[in-house]
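Fold and contact review
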Amino acid sequence: MTDNTKNITPSNNAKPQKRNHKRILLRLLGYIFRYWYIAIPAILLTLASNQLALMGPRYLGSAMDAIGNEGGVLIDTVTENAIKMLICYVASAILTYALHAVMTILSQRVTYRMRKQLFDNLTRLPISYFDSHAIGDTVSRISYDIDTINSSLSSDLIQVLTSLYTIFGSLYYMFVISKPLILVFVITVPIALIFTKYKTKKIHPLFSKRSRKLGELNGYAEEMLSGTKTIRAYGKADVIEERFNARNSDAMDAYYNADYAGAVIGPAVNFINNLSLSLIMIFGGILFLYSRNGVVPAESLWFISLGGVAQFVMYSRKFAGPINEFANIMNEFQSAFAAAERVFRIIDEKPEPLDLPDAEVLTEVKGEVVLDNVNFGYDKDKQILYDICLHAHSGQTVAIVGPTGSGKTTIINLLMRFYDVDDGVISVDGKPIQQVTRDSLRGAYTMVLQDTWLFYGTIKENITYGREDASLEDVIKAAKAAKIDSFIDALPDGYDTMLSDDGINVSKGQKQLITIARAMLPNTSMLILDEATSNVDSRTEALIQKAMASLTEGRTCFIIAHRLSTIKNADVILVIKDGHIAEKGTHEELLSVNGIYSSMYNSQYSKT
Amino acid sequence: MSVKFIFRYLKPYKTRMVVGFLIKAVGTFIELALPFILSYILDTVIPENGKIINIVLWGIAMIICALIALICNVIANRMAAYTARMSAERIRCELFERIMNLSGRQTDRFTLPSLESRITTDTYNVHNFTGMMQRLGVRAPLLLLGGIAVSLILDPFLALVMLGLMPVVFVVIYLVSHKGIPLYSKVQSSVDGMIRVVREDSAGIRVIKALSKTDYERRRYDKVNKKLVKNETKAGLTMGIVNPALNLLMNLGVVFVVLIGAYRVMGLKTEPGKIIAFTQYFTMISMALISITRIFIMYTKSSASAKRIAEVIDSPADLTVKDENEFPFVKEDGYIVFDDVTFSYNGKTDNISHMSFSLPKGGSLGIIGHTGSGKTTILNLLMRFYDVDSGAVRIAGKDVRTYADDDLRKLFGVAMQNDFLYADTIEENIKFGRDLTREQVERAAKIAQAHDFISALPDGYEQSLSQKGVNVSGGQKQRLLIARAVAKDPDILILDDSSSALDFKTDLMLRKALKENMTSSTQIIVAQRVSSVQSCDLIIVLEDGKITGMGKHEELLFSCPAYSEIAESQMGGAFLD
């Protein structure tokens, strides 16, 4: 319990972060061990395949001894050992592949689950989440971040296990072969460790700097490219180029510095390997010389055979590899943790609260809507709506007018309960909307928004989106009412035409008509309509107007209105200014009160 | 073609590169000597005279070789990094310069996102490649060939055993990548499919919630998620063959060498130490092979990138200055004249057809119409971002095609729609690289009604904007852009939909200030709002690239149905602004 509170407050010291890492690791392991029936075989496979790979050099050693035998080559022993090697290596390869397959399946299950959890929770989140988070960010979490976790899970974990097994395994075998020769590593291992430390301390930061600088340069290039037209208009390309060049050279310096330091990595790893090889040859060579001469008896600690030298050389390579890899793996874990944290943050995001346990289901809605002293703000410290009162009778049309940013869309958000009011009550047919189920409340409305939303699918799928059981006749009827039927008929695939980004050319106005057709299908008693500002040619505009008019028939309508005709015909005009209802009434009433409505109307439309 | 392109930029560093290659070659060859010495110690030094000092000396020789290899490789890598850095810098500079000078038509053809990725990802790929090419491109083939050569010297017969495996390795790599790469493009398209659902649903969340379709969307997502998992698994299972297979082949080689070597030792044709040396060469050679495949993959990627860069840099110059004999001077009353202009962006449908109008010096022109009606196109032609298909655009009687670029640009002050502010101080954003005094900047800000809010900022004119100016509001942004446009008292002031986010009062004050201060400027105001153009001397109403009304506000309200329709449709939102 205390853990939770600590986790919320951001802290700078490293300790809680470490604990955080531990928690993320445990949670990730939880995902894996959910599939224990895959994970456990995977561990066994790792151990087995590594053991087999480690046994190969043993038989090589025995074979070499048989070859280097003083009394002549023992060909039977050689053959026997060669066959054993063959079996080991083939088996190891098969097991390695089996392991890879198992891990692929495991990590795919985990990613599937993560992606699903993320998306499922996404659909449960309140609208406010989508209003305050960029789509690109969500997309990068569900694709890039989960990918990072995936590759880390499928390879790094196995890599760690393999590395540890290989290090200790080869150390064990080298110990068996020759204890004194192990001392070679007293020299090389510290060198490798120092190098690893240098790598993490010196080179990694340079590479991070390099990515950062390149990111900045890319950002700058994108920014300037977005302004090419202006830059050309002012004839200032040369000035901008100069600035770009300075940044470019800066970024290239960072790149070069990282490369310069990084130039050591490959050769240094090779050097450490070669150094071990040389040292083994010196000390191993001396021991081998004395063993060969018989100065050191076969039972002695100091004895080594030719095969022993050969094995030692092979194990030493195996031994050094993982040590060099460790820094890289740790780095990858770091980024996987960071990615996991971002993914978990969405999965843990608080969903829309549940409906009240005794929430009613709205049925047979008459469409009487009352807003009683409604106050609301998206942020606590910035109120948007103040004391909104409105009584819309069944079948009435309410036109909401006012400048952009005055709070018109916010009223819609509250009616649909995309947001909950801070204060006051909204009720439908006398029932406060907080006490009815969200689905039934939203289902009682039909909504046509300004930004037309169509998804990748056929026209028919898009139109029936609000009522999946609609027949083709219903769809055609809706399309006719929305004045889009002739356009659809003219398409080669008609109602089965796919709406995609790169597909057929559907204009903005036609998209609007398709969404109106969608709105025609569900039979609701209330309508919310956001009149589009004129972004289409006047013919389509006229069609849209007609289609919208047939939508409003017999329904309680809330219209964010722009056209004079809509406003004039409304039963109630709501003039919103700075979140307040400035004026309320019919067109004639408002003209007669000589307020803002009438003064503005007169200034623009009195044709004197 | 693409390799040639890269070489163009590497050429200045020819000598350096050759020296680097030589150093690298020395380092690589010396490394190849190590297993050779190893077998010499085991087969010759120890059996023949058995002196410790000799073993130690040869061992030290090995360490020295390792050290020399280390030093040579590090030096060569660093030289490679330098060459890669210099050439990549040059490529990126030239690319950026060319992009800045592309014509509007060329920019459209390449598209901005594509140009962006050419300057970022593609240049990065080429940089990476030039670096890697120099580091591994020499080392890997040398290790491969050198390894083969040395092992041939050591024991030709055993070397042939090893060489026999080489084609098998190539076949394995070829087959797997042949099968695997198409699988990855399938994975990519399912990733796109998944992302599309996430994008669509995030954008349409209101509709989804309004219609209670979350379960439906979850099922839709589940389908793409499953498909993605299926394709990823398939690709993973296929590509996973490479590593175990290569390892197995390498180990098989060792087994064969041991087995066959045993017979040869028996026949006194080779020594045991050589077999151990062979196991070492085997490792080296297979590493080299893996590097070569990596280079090959990298090459395909970066040659495509190089090609895309070359396309831009080598694109021919457009919009050259034409001779006055071709487009002669016309003596006329109008200062800005469109003379029967027709233009099309894509060469198929006309965006502007047979348009003519004339504006006197110092006059103001309002252009109004729906999006896509051709408003911005008029400006594009006037500023010569594009050339007309037929007809002529003249300023002061001179065809815009005959102006020297700088002379033409000097005439204009422009504030465009969704125009561009960048991460720098406010003062610099107004100056925009021109020689302007602080007084001029402040005067411009005052005219643009921006001075008050700028002064109220903590750092005033030194306040930094964030990228693309996201830390100022829409209205503030527009005022800064207008300040930039008026700062140098341009002959022609163009405001393209640049006061749409201003409230009514500020807009009114702005128009007043423009009228008072910009007396010498000819003004062109493009707007969707009637209120922004209603005081212009001349208003043009556009529909589908044609002029459907021309005159003053009062005249048009009566005479032009399109104009009064626009005015009417703006009632609800605009009239209160």
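Because the structure is a prediction, the values reported are computed rather than measured.

Thresholds, definitions, all that
Every chain is numbered independently, its residues counted from 1 as its sequence is written. Written order decides the labels, with chains lettered from A and ligands numbered from 1. Only residues with pLDDT of at least 70 get local features here, since the model is predicted, and only at 80 or more are side-chain atom pairs given and counted; chain-wide, interface and lining totals rely on the full set of residues. The criterion for strand pairing is that DSSP finds at least two bridges linking the strands in question. Helix numbers and strand numbers start at the N terminus; a helix is a DSSP run of H or I with at least 4 residues, a strand a run of E with at least 2. Residues of type Ala, Val, Leu, Ile, Met, Phe, Trp, Tyr and Cys that are buried and joined through C-beta atoms within 7 Å form what is called a nonpolar core. In this scheme the burial state of a residue depends on its C-beta neighbours within 10 Å: 20 or more other such atoms mean buried, 12 or fewer mean exposed, and anything in between means partly exposed; the C-beta positions come from the backbone. Annotation comment: domain bounds sourced from an automatic or database domain assignment. What counts as a contact here is a pair of residues whose C-beta atoms, placed from the backbone, lie within 7 Å. Each residue carries a pLDDT score, the predictor's confidence in it, ranging from 0 to 100. Think of it as three bins: nonpolar holds Ala, Val, Leu, Ile, Met, Phe, Trp, Tyr, Cys and Pro, charged holds Asp, Glu, Lys and Arg, and polar takes everything else, Gly as well. How far a helix is expected to stretch is found by multiplying one less than its residue total by 1.5 Å. Angles here are taken between N-to-C directions and fall from 0 to 180 degrees, while the axes themselves are lines fitted to C-alpha atoms, restricted in helices to the stretch in contact.

Before going further, it helps to spend a moment on the pairing of strand β4 (residues 423–428) of chain A. All names here are of chain A. Across five bridges, strand β1 (residues 369–376) lies against β4 in antiparallel orientation. Bridge pairing in β4 places V369 opposite V428. A loop of two residues connects β4 with strand β5 (residues 431–432), the two strands running antiparallel in sequence, and D429 in this loop sits at a positive phi of about 50 degrees.

Our focus in this paragraph is the sheet that holds β5 of chain A. All names here are of chain A. Pairing within the open sheet is antiparallel, and its four strands lie in the order β2-β1-β4-β5. This sheet does not close on itself; its edge strands, each paired only once, are β2 (385–392) and β5. The sheet contact formed by β1 and β2 spans five bridges and is antiparallel. In the strand pairing of β2, F376 is matched with L385.

The biggest cluster of nonpolar side chains holds 205 residues, and the ones touching the most others in it are V258 and A483 of chain B. Among the elements that line this core, the one with the most residues is helix α3 (residues 52–100) of chain B, at 19 residues. A domain split of this core shows at least three residues from each of domain 1 (1–154 + 295–318) and domain 2 (156–269) of chain B. Apart from the residues within four sequence positions on either side, A483 of chain B is in contact with I430, A444, A445, A448 and A450 of chain B. Core analysis: the next-biggest nonpolar cluster, separate from the first, contains 77 residues, V401, I412, I567 and I573 of chain A among them.

Our focus in this paragraph is the environment of S286 of chain B. Residue and element names in this part refer to chain B. Mapped onto the fold, S286 is located in helix α10 (residues 272–313). Taking the C-alpha atoms as reference points, S286 and N54, 232 residues apart in sequence, are found 32 Å from one another. Leaving out residues up to four positions away in the same chain, S286 has contacts with L246 and M250.

Another aspect to go through is the confidence of the model for chain B. In this model, chain B carries an average pLDDT of 87, and 98% of its residues clear a pLDDT of 70 or more. Across the predicted assembly, pTM comes out at 0.75 and ipTM at 0.81.

Okay, the interface of chain A and chain B next. With 127 residues of chain A at the interface, the matching set in chain B holds 124 residues. Of the residues contributing to the side of chain A that touches chain B, the split by class is 73 nonpolar, 36 polar and 18 charged.

It is common to report an interface's size as the accessible area lost on association of the parts. Partitioning chain B into structural domains gives domain 1 (1–154 + 295–318) and domain 2 (156–269). Centre-to-centre separation of domain 1 of chain B and domain 2 of chain B, based on C-alpha positions: 27 Å.

Turning our attention to helix α16 (residues 474–486) of chain B. Residues and elements named next belong to chain B. Taking 1.5 Å per residue, 13 residues should reach 18 Å; α16 reaches 19 Å between its end C-alpha atoms and fits that length. Burial of α16 is extensive: 11 of the 13 residues sit out of reach of the surface. Among the residues of α16, Q476, K477, Q478, R479, L480, L481, I482, A483, R484, A485 and V486 are the ones counted as buried. If you follow the buried residues of α16, they end up packed against β6 (412–415), α13 (426–431), α14 (438–447), α15 (451–456) and β7 (492–496).

What follows concerns the environment of Q159 of chain A. Within the secondary structure, Q159 of chain A is located in helix α6 (residues 135–177). Distance from Q159 of chain A to I329 of chain A, taken between C-alpha atoms, is 8.0 Å for residues 170 residues apart in sequence.

This next bit is on the sheet that holds strand β3 (residues 397–401) of chain A. Residue and element names in this part refer to chain A. Overall, mixed pairing links the six strands, which are arranged β6-β9-β10-β3-β11-β12 in an open sheet. A strand with exactly one partner marks an edge of an open sheet, and here the two such strands are β6 (445–448) and β12 (580–585). Across the sheet, the axes of successive neighbouring strands diverge by a mean angle of 15 degrees, strand direction being ignored. Where strand β9 (residues 526–530) lies against strand β10 (residues 556–560), five bridges are found, and the strand directions are parallel. Considered in β10, the bridge of M526 is made with T556. Those strands touched by helix α12 (residues 408–415) are β3, β9, β10 and β11 (572–577), and its axis lies near 145 degrees from that of β10.

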